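Results of the structural survey
Letter by letter, the chains look like this.
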Amino acid sequence: TARGTSALSVSSLSTSPRISPETSLPPPSNAAANAAQTQMDAAKNTMPGFTTGAHRKRNLLEREESESSFRGPSSSSSPPPSSSSSSSPSSSSTPKSLRASPRRTSASHTKAMQTYIYKKSSTVPLSLLDFVAEIHRESRITPGEEVELGEKAQAAQSLKDLKSRVASELGRPPTHTEWASAAGLSSSALTSVLSSGQEAKNKLVTSNLRLVQRVVNVYIRNGLSSQYNAGDLMQEGTIALIRAAEKFRPDKGFRFSTYAMYWIRASVKRSQLTQSREISVPQRVQEVFKKFQAVQGHMRTEGRRAALEDVAREMDVDVGSLQKVVAAMEQRVFSLDSEIGNAFKPGVTSLYRFVESRHEETNFYSAERQIARRDLRAHLLHHLPPDTADLLILRFGLSEEVGDALSISEISERVGMKQDKVRRVIKQGLKSMRGRMGE
């Protein structure tokens, strides 16, 4: 088509006559071209999901007008531009504040937000804030420096591996001279290579500690619960970074950050799984249990039977091993100091009294218990009548002859009294001793 077809409006395209390519049209005037462009922009803005820059600017101007009318007239407000200038994409009268520009976050703003998140989280210790501040004082390294440092670290690491092989052959740690001769270097050259390799590894680690912080920040921002410690995650990630610096080979063609990120993520995830339980469970057991939950949920969603045997068959694992995994992950931990109440017996006791020790008592605790029994017997016999004191001694296991505490029925049979009377006498004796202990 000829250039003149751009001057036609959108509404007239369907009714315009067919123009042959041989027909020459006069060039349109500037006013006609501007009017046609304005009409095309208006048609585009009516299309759903399509917005031009001029349309955005017009919306911003209308919003400013509504806000200024809500606040009242202002002397500093400028009159809105004309419709022709606002609808033109190449309008030069658009205010600078309305021009589209990407929003950039400054480094100070990012640091302030990071410090706020750290201080708000209960999992971040104060030592981690100081450590992060030291991390950002270290300068970054260029790709060329990264390759140079990696080569020096690998040279030192290869010498350490050589020392291990020589030690296994000799059956003892080799001397410095033997180590140097096995490497084909002089003693001074060996020392120089080792020191430069250690410095290169340290530089490689300290300049990339931001990688560890980046991984830990993901856990903190996603809502790390209070049972975790972000400082421990940071330490485990730093250890993994050191390990990556020892095994990094620049000749493979990868950046150190790409290689180290695998080690860091794996180590931080392992630390998070370790801290997630009071009793440590191997990571492979936790991974099998997560797969078991996923397969079980998928089977239930499909309306299939999701018993343990069915899930084991779906996972292609042994039923016995899967039962052990489920039992290990579903075990619960209780505190010995947790209070236990009895609806048929007044008072509250702790779980410690019902848990029997699996280990034999040492002589220290045995002697301490004997001294406590002797003192309690002396106090009971001194402040209570002999019959009441004897019943309390039998009831609470303070007798050296009997040893263990007796029940009410056993005491009743032993002393020849009715159970109600034994219970009443013991209750009166406890009440009397409680008052004396209070005095």
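For every chain, the first residue of its written sequence is number 1, and the numbers climb from 1 along that sequence. For a predicted model such as this one, the threshold for reporting local features is a pLDDT of at least 70, and the threshold for listing and counting side-chain atom pairs is 80 or more; totals across whole chains, interfaces and linings nevertheless cover every residue. Note that the side-chain values use all heavy atoms of the structure and ignore hydrogens as well as water.

What follows concerns the confidence of the model for the protein. Summarising the model, the protein shows a mean pLDDT of 76, and 69% of its residues fall at 70 or more. Confidence scores labelled pLDDT are given residue by residue by the predictor and lie between 0 and 100. Whether two residues touch is decided by their heavy atoms; if any such pair falls within 4.5 Å, the residues are in contact. Throughout residues 43-53 the model reports pLDDT below 50, and contacts reaching past four residues in sequence, or to other chains, amount to seven contacts. In this model residues 73-92 is a low-confidence stretch, pLDDT under 50, and it forms 18 contacts with partners more than four residues away in sequence or in other chains.

Before going further, it helps to spend a moment on the packing of helix 16 (residues 386-395) against helix 17 (residues 408-415). Relative orientation of the contacting elements helix 16 and helix 17 amounts to 135°, with a least axis distance of 10 Å. As judged from the angle between their axes, helix 16 and helix 17 are oblique. As helix 16 runs across helix 17, the sense of the crossing is right-handed. Counted together, Leu 391, Leu 394 and Arg 395 of helix 16 and Ile 408, Ile 411, Arg 414 and Val 415 of helix 17 form the full contact between these two elements. Among the residues making up the contact of helix 16 with helix 17, the classes are represented as five nonpolar, no polar and two charged. Lines fitted to C-alpha atoms define the axes, with helix axes restricted to the stretch in contact, and inter-axis angles between N-to-C directions lie between 0 and 180 degrees. Secondary structure elements follow DSSP: runs of H or I of four or more residues count as helices, runs of E of two or more count as strands, with numbering from the N terminus. Between 65 and 115 degrees an angle is taken as roughly perpendicular, under 35 as roughly parallel, over 145 as roughly antiparallel, and anywhere else as oblique. Here a crossing is taken to be left-handed if its near helix is turned anticlockwise relative to the far helix by less than a right angle, and right-handed if that turn runs clockwise. Side-chain classes are defined by residue name, with Ala, Val, Leu, Ile, Met, Phe, Trp, Tyr, Cys and Pro counting as nonpolar, Asp, Glu, Lys and Arg as charged, and the others, Gly among them, as polar.

Working definition: two side chains of opposite charge can pair if their charged atoms are close together. What makes a salt bridge here is a side-chain nitrogen of Lys or Arg within 4 Å of a carboxyl oxygen of Asp or Glu, nothing more. Under the criterion given, the structure shown has eleven salt bridges. The shortest N-O distance in the salt bridge between Lys 152 and Glu 148 comes to 3.6 Å. Taken together, the residues Lys 152 and Glu 148, both in helix 6 (residues 143-170) and four residues apart, mark about one turn of the helix. Relative accessible area decides the class of each residue, using a 1.4 Å probe on protein chains only: under 20% of the type maximum gives buried, over 50% gives exposed, and in between gives partly exposed. For Lys 152, a relative accessible area of 36% gives the class partly exposed. Its salt-bridge partner being Asp 310, residue Arg 313 comes within 3.1 Å of it at the nearest N-O pair. A residue pair is termed a helical-turn pair when its members lie 3 or 4 positions apart in one helix, as Arg 313 and Asp 310 do in helix 13 (residues 308-315) at three residues.

Attention now moves to the environment of Arg 243. Mapped onto the elements of the fold, Arg 243 is located in helix 10 (residues 230-247). You can call Arg 243 partly exposed: its relative accessible area is 38%. When the C-alpha atoms of Arg 243 and Ala 260 are compared, they prove to be 8.6 Å apart, with 17 residues separating the residues in sequence.

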